[in-house]
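# Overview (structure and organization)
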Amino acid sequence: MSSLDQSLKVSGPGAAPDDAAAQRDRRSRRRKTANLRFKLYGLAAIVFAVGMLATLVVSLIMTGYPAFTQTMVRLDIELPASEIDAAAPSDANYGKFFRDALYGLFPEVKSPPQRRNIARLVTQDAEYMLRDTVVAYPSMIGKTHSIEFTASDILNQLHIGAIDRELPSDRRSISDAQIAWYDKLVAQGRIRAVFNTALFTEADSRHPEIAGLWGAITGSFYALMVCFILSFPMGIAAAVYLEEFAPKNRWTDLIEININNLAAVPSIVFGLLGLAVFLNFFGLPRSAPLVGGMVLALMTLPTIIIAGRAAIKAVPPSIRDAALGVGASAQQVAWHHTLPLAMPGILTGTIIGLAQALGETAPLLLIGMNAFITQQPGGILEPATALPTQIYIWADSPERGFVSRTSAAILVLLGFLVLMNGVAVWMRKRFERRW
Amino acid sequence: MTFLEGQAERQGIAIGASGDTRVRSASPAAHPATVATSEETPIKMTARKLSVFYGEKQALFDVSLDIPDRQIMAFIGPSGCGKSTFLRSLNRMNDTIAGCTMTGEVMVDGINIYDRVVDVVELRRRIGMVFQKPNPFPKSIYDNVAYGPRIHGLASSKEELDEIVQTCLARTGLLDEVSTRLHEPGTSLSGGQQQRLCIARAIAVSPDIILMDEPCSALDPIATARVEELMQELQKNYTIVIVTHNMQQAARVSQRTAFFHLGTLVEWGMTEQIFTSPVDDRTQGYITGRYG
Ligand SMILES: Nc1ncnc2c1ncn2[C@@H]1O[C@H](COP(=O)(O)OP(=O)(O)O)[C@@H](O)[C@H]1O
Ligand SMILES: [Mg+2]
């Protein structure tokens, strides 16, 4: 320390030794505060970012969690053998059986408009649910069964406490009479809240209580499959060619710049391209996951190429030299050594690219994947929605039930994204540098 | 020999057994400051007026040199003088470097390896290479050795392949050390073992010539001694060219030495002569440690 002091003192000619020491002290103090300030800025930025994320997730959970429970109404349905043809059970008048059971609970209500208000407590699709159940289990005919029906949106909202019954009746969507009937049903033990499996097993519907995400999930799945099948091999082929075979000249530089720029093109532009080329020019079906997947593949391709090239570049040249040294051809080097070693990196990039594609909305809107479709798609050519476009549709629907369902759908989408990114991170960890 | 003879026929060149070509006393024009060798030795490779460029930059200037058959030839010289460049041009590894061009000729058994009809892949099978840093494939020890024979179809059955692997590992003295863990990754071996594995991998495709670029520079003295011993053993069957900046090593293992300086071949000849009575001042300066 003393020799350092001396050398510093010597290095400040003209200044008195004490002066120099004071200056040095000041400088070091200033450096320390600057360091501290810099650290604090970083910390503040992180706190802010995490805070925003937490706000987002918490608000989504707060609005979305009611959608994960569904209120059910249990009714005793009589299925008289005389009125159902066992040979053609689907032709019977199930609306009547259902209404008989429902109105039977409130014998005092006689007027048709009042009765229709009772019917509004249960989903409008109840009679079809009943029909489908009986068709599936014909042995039910001729007996009376206790069957649970999905409650309507208003009853559901009331039961889970989303509607405040203390509000004046003109400011809530459920009438006083309906609340009274609800109380009676509760008193009879006919109301029960269950986990909302329909959210995951049903397709879209006009009625929020029976609208689900399954159609959108299968639509997204098909679109991602098409996207993967197109972009993965093409991306790898392009990356291998550019890294291993392409001469380094102006043309390959140009291609490289263009690929990097392609990754930054706004996604709606790809949607317009898909609309103009795939739909209008090639006449492919609207709203089909095939076209959605093709458009998403255009967007994912640059991501995969860039990730693939980085992964291939990371394979040490010594491995290539070793293979060339025993007489492997360029193609053998790529297939036997470079690609297998780069594959974890390529797959990680691919998963991240697919996760991006999964969340992409704009291009799918342009090719019509935001249609109202109440059936899950049976294949890549059938009209379908995707998760983000389903969220878009629901967010646009006025019914109360869709508000929470929108948040629930966002949570499901986020869940898939977190899962995919988690797999990518895990793969990166698992296969980190083996040489 | 068959491959190159085939190539030769296609080129319309008649060649005899490699023993027919002899090192003739070098003409001063082609071999500046060369110590002519007294005894005649069959030669395996010949470079004539070889110049190599990296883009605009010339790394080798008109190098002409004969490499004797089934002997060890060492290339020495200060680093950056073009030893590796020259070595890599002997099995066309420089082809893989973008912007690397060359002029001149390299003849192996009388065939110019830069001729258009020569199959580079087959050439590299015939001229194996061992690199400065041990570079086993990130595969099992077995697969490291078996890879070459597999891609060249040298074994028709699993038994034959096993046989090749065992022989090559035995020749490099590795078999006893690794016989129980043939299926563990080659990268799990020690540095010296890895380098011997790389040598085993090189000889597994039965080359004629093995080029070694500072094979011991990453090894400790004991592993180095082991590899040197191995080179002496291999020399009976293979022509070996070794780049080293360790002059004791060159003196210990090689019969011939070539000294490079700033991209030119300054002097080459019998190792003893180079080390005891060099003709050129630069050689003298280098071996006495004045620079390097
Ligand atoms: N891939 C390359 N690209 C450009 N220049 C190179 C390359 N490899 C080697 N060189 C240059 O060629 C000269 C000779 O290098 P090298 O043959 O590796 O020397 P040595 O092996 O004797 O140390 C050096 O000046 C080096 O900078
Ligand atoms: Mg070198």
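Our structure's up above, just so we're on the same page.
Residues numbered from 1 in each chain as written. Chains lettered and ligands numbered in written order. Predicted model: local features only at pLDDT ≥ 70, side-chain atom pairs only at ≥ 80, totals over all residues. Heavy atoms only, no water.

Here we come to the overall build of chain A. Of the regular secondary structure elements, chain A holds 17 helices and three strands. Relative to a compact globule of 435 residues, whose C-alpha radius of gyration would be 22 Å, chain A shows 32 Å and is clearly more extended. In terms of overall dimensions, chain A has a C-alpha envelope of 110 × 70 × 40 Å along the principal axes. For chain A, contacts bridging at least 24 residues in sequence account for 75% of all contacts bridging at least 6. On chain A, roughly 23000 Å² of surface is accessible, and the fraction owed to carbon and sulfur atoms is 63%. Both charge centroids of chain A, one from 39 positive and one from 34 negative side chains, sit 11 Å from each other. (Helix = DSSP H or I, 4+ residues; strand = E, 2+ residues; numbered from the N terminus. Rg over C-alpha atoms; globule rule 2.2 N^0.38 Å. Contact = heavy atoms within 4.5 Å. Areas by Shrake-Rupley, 256 points an atom, 1.4 Å probe, with all protein chains shown as cover. Lys, Arg positive; Asp, Glu negative; His and termini not counted. Charge placed at Lys NZ, Arg CZ, Asp CG, Glu CD.)

All names here are of chain B. Looking at ligand 1, the residues that line it are Y54, K57, A59, S79, G80, C81, G82, K83, S84, T85 and I97. One of the backbone nitrogen or oxygen atoms of G80 is found 2.6 Å away from an oxygen atom of ligand 1. Within the side chain of S84, a nitrogen or oxygen atom sits 2.5 Å from an oxygen atom of ligand 1. For ligand 1, whose unbound accessible area comes to 550 Å², protein coverage reaches 62%. It is helix α2 (residues 83–90) that contributes the most residues to the shell around ligand 1, three residues altogether. When its residues are assigned to classes, the shell around ligand 1 shows four nonpolar, five polar and two charged. (Near = heavy atom within 4 Å. Polar contact = N/O pair within 3.5 Å; in protein donor to acceptor, adjacent residues only side chain to side chain. Nonpolar A, V, L, I, M, F, W, Y, C, P; charged D, E, K, R; others polar.)

Before going further, it helps to examine the sheet that holds strand β8 (residues 239–243) of chain B. All names here are of chain B. The mixed open sheet is built from six strands, whose spatial order is β6-β7-β8-β3-β9-β10. The two strands at the open ends of the sheet, each matched to only one other strand, are β6 (127–130) and β10 (264–270). Direction aside, neighbouring strands of the sheet carry axes that sit 15° apart on average. Here β6 pairs with strand β7 (residues 209–213) via four bridges, running parallel. Residue pairing in the sheet places M129 in a bridge with L211 of β7. (Pairing = 2+ DSSP bridges. Axes fitted to C-alpha atoms, helices over the stretch in contact; angles between N-to-C directions.)

The next thing to look at is the packing of aromatic side chains. Taken as a whole, this structure holds 14 aromatic pairs over all chains when the rule is applied. Where F75 of chain B meets F86 of chain B, the ring centres are 5.2 Å apart and the plane angle is 45°; that geometry is what we call tilted. Residue F75 of chain B is located in strand β3 (residues 72–76), and its partner F86 of chain B is located in helix α2; the two are separated by 11 residues in the primary sequence. In this structure, F75 of chain B and F86 of chain B share a single accessibility class: buried. Through pairs of rings, three or more aromatic residues link up here, namely F68, F195 and F200 of chain A. For the cation-ring pair, R206 of chain A lies above F372 of chain A, with the distance from its terminal atom to the ring centre recorded as 3.9 Å. (Phe/Tyr/Trp six-rings, centres within 6.5 Å; stacked < 30°, edge-to-face > 60°. Buried < 20%, exposed > 50% of the residue type's maximum accessible area, 1.4 Å probe, protein only. Lys NZ or Arg CZ within 6 Å of the ring centre and 35° of its normal.)

Our next topic: a positive patch on the surface. On the surface, R26, R27, R29, R30, R31 and K32 of chain A cluster together into a positively charged patch. The exposed category is assigned to R30 of chain A, whose relative accessible area is 54%. (Patch = residues over 30% accessible without salt bridge, like charges linked within 9 Å, V, L, I, M, F, W, Y side chains within 5 Å. Salt bridge = Lys/Arg side-chain N within 4 Å of Asp/Glu carboxyl O.)

Right, let's get into the nonpolar core. The biggest cluster of nonpolar side chains holds 56 residues, and the ones touching the most others in it are L65, F75, F86 and F260 of chain B. The biggest single contributor to this core is helix α14 (residues 330–359) of chain A, with six residues. When near neighbours in sequence (up to four residues on either side) are disregarded, F260 of chain B contacts L60, V63, F75, I76, G77, P78, C81, K83, F86, L265 and V266 of chain B. Counting residues in each nonpolar core, the second largest holds 46 residues, with F68, F278, L279 and M299 of chain A among its members. (Core = buried A, V, L, I, M, F, W, Y, C linked by side-chain atoms within 4.5 Å.)

Nothing here speaks to function; it is all geometry.
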